[in-house]
Amino acid sequence: MKLIIRLLVVMALLPIHLVVNASATDQILFSHTWVKMPMPGMQMSAGYVDIENTSSNDIKVIAVRTPFSKMAELHDMVMVNKVMQMRHASDGWVIAAGTSLSLAPGGKHVMLMGVKLLESNQSETILEFNIEGLGWVAVPAALKVSMP
Ligand SMILES: [Cu+2]
C-alpha cells in the first residue's frame, strides 16, 4: 500500500502531458486532465481529459475511478425531448486508432458522485481509466473552478 501511494505521488508530479510508462499504453496520451472543484456543499462534480490514441489499434475506455469520490462513471450527453440529459456510457467509449477523444463541459465527462472532503489547499487529484485489455491507467488531474 505504501508503494502504491508513493507511486501515485510520483505520478502526480509528472507534467500534464503524460505518456503512461507501460509498453502497451505507450501510445495512449492523456492531456488537459482536470476535475471541477465542487460547488460548496455539493457532492457531485465532473472530470475532463483529452485522450489521444496514437497506436494502430482501436482502444476502449470501459470505466473510471478516483480517490476523489465514492463513485465515478463515464457519462454521455444525449438529447431527450429537446433537453440535454446525461447518461451513463455503460458500453464505454471506443477511440479509433489515430484519433482522439475530448471530454469537456457540456459533453462527455467523468461523473463524480459522493465527493470526499478536500484536504486544505488540495490542488489536484487522480483519475484512473480502465482501458479494455490494458488495465487501469492513473492520470494526475488538476482541481479547477472552471476550464483551464
Ligand atoms: Cu454526468
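**Student:** Describe in detail the overall build of the protein chain, supporting the description with residues and values.
**Tutor:** Scanning the protein chain from terminus to terminus reveals one helix and eleven strands. From first element to last, N terminus to C terminus, the protein chain shows the α and β order α-β-β-β-β-β-β-β-β-β-β-β. Here the contacts in the protein chain between residues at least 6 apart in sequence split such that 65% fall between residues at least 24 apart.

**Student:** Residues and numbers for the nonpolar core, please.
**Tutor:** Counting residues in each nonpolar core, the largest one holds 23 residues, and the members touching the most others are Val49, Val64, Val110, Leu127, Phe129, Ile131 and Val139. Of all the secondary-structure elements, those providing two or more residues to this core are strand S2 (28–36), strand S3 (44–53), strand S4 (59–65), strand S5 (69–80), strand S9 (109–115), strand S10 (124–131) and strand S11 (135–144). If we ignore the near neighbours within four places in the chain, the residues touching Val64 are Ala72, Glu73, Leu74, Val110, Leu127, Glu128 and Phe129.

**Student:** An account of the pairing of strand S6 (residues 83–88) is requested, with residue identities and associated values reported.
**Tutor:** Both faces of the sheet carry side chains from a regular strand, because those side chains alternate between them. Within S6, only zero of the six residues are buried, which leaves it mostly out in the open. Counting the residues that bridge the hairpin from S5 to S6 gives two residues, and of these Asn81 lies at a positive phi of roughly 50 degrees.

**Student:** Any details on the confidence of the model for the protein chain? Residues and values, ideally.
**Tutor:** In the predicted model, the protein chain carries a mean pLDDT of 87, and the fraction of residues at 70 or more is 83%. In this model, residues 15–22 is a region of pLDDT below 50 whose contacts with residues beyond four sequence positions or in other chains number eleven contacts.

**Student:** For the pairing of S10, give the residues involved together with the corresponding values.
**Tutor:** What you see with S10 is a clean split: Thr125, Leu127, Phe129 and Ile131 sit on the buried side and Glu124, Ile126, Glu128 and Asn130 on the side with no burial. Note: S4 against S10, four bridges, orientation antiparallel. Across the sheet, the residue bridging to Val64 is Phe129, located in S10. Summarising the sheet, S10 and S11 pair through eight bridges and their orientation is antiparallel. Looking at the pairing, Glu128 lines up with Ala138 of S11. Counting the residues in the hairpin turn of S10 and S11 gives three residues, including Gly133, whose phi is positive at 85 degrees.

**Student:** For unusual backbone geometry, give the residues involved together with the corresponding values.
**Tutor:** The phi dihedral of Asn81 is positive, around 50 degrees, even though this residue is not glycine. One non-glycine residue with positive phi stands out, namely Lys82, at about 65 degrees.

**Student:** Any chance you could break down the environment of Met42 for me, citing the residues and the numbers?
**Tutor:** Topologically, Met42 is positioned in the loop between S2 and S3. Separated by 71 residues in sequence, Met42 and Met113 place their C-alpha atoms 9.4 Å apart.

Thresholds applied
Residues numbered from 1 in each chain as written. Predicted model: local features only at pLDDT ≥ 70, side-chain atom pairs only at ≥ 80, totals over all residues. Helix = DSSP H or I, 4+ residues; strand = E, 2+ residues; numbered from the N terminus. Contact = placed C-beta atoms within 7 Å. Core = buried A, V, L, I, M, F, W, Y, C linked by C-beta atoms within 7 Å. Buried ≥ 20, exposed ≤ 12 C-beta atoms within 10 Å, placed from the backbone. Pairing = 2+ DSSP bridges. pLDDT = per-residue confidence, 0-100.

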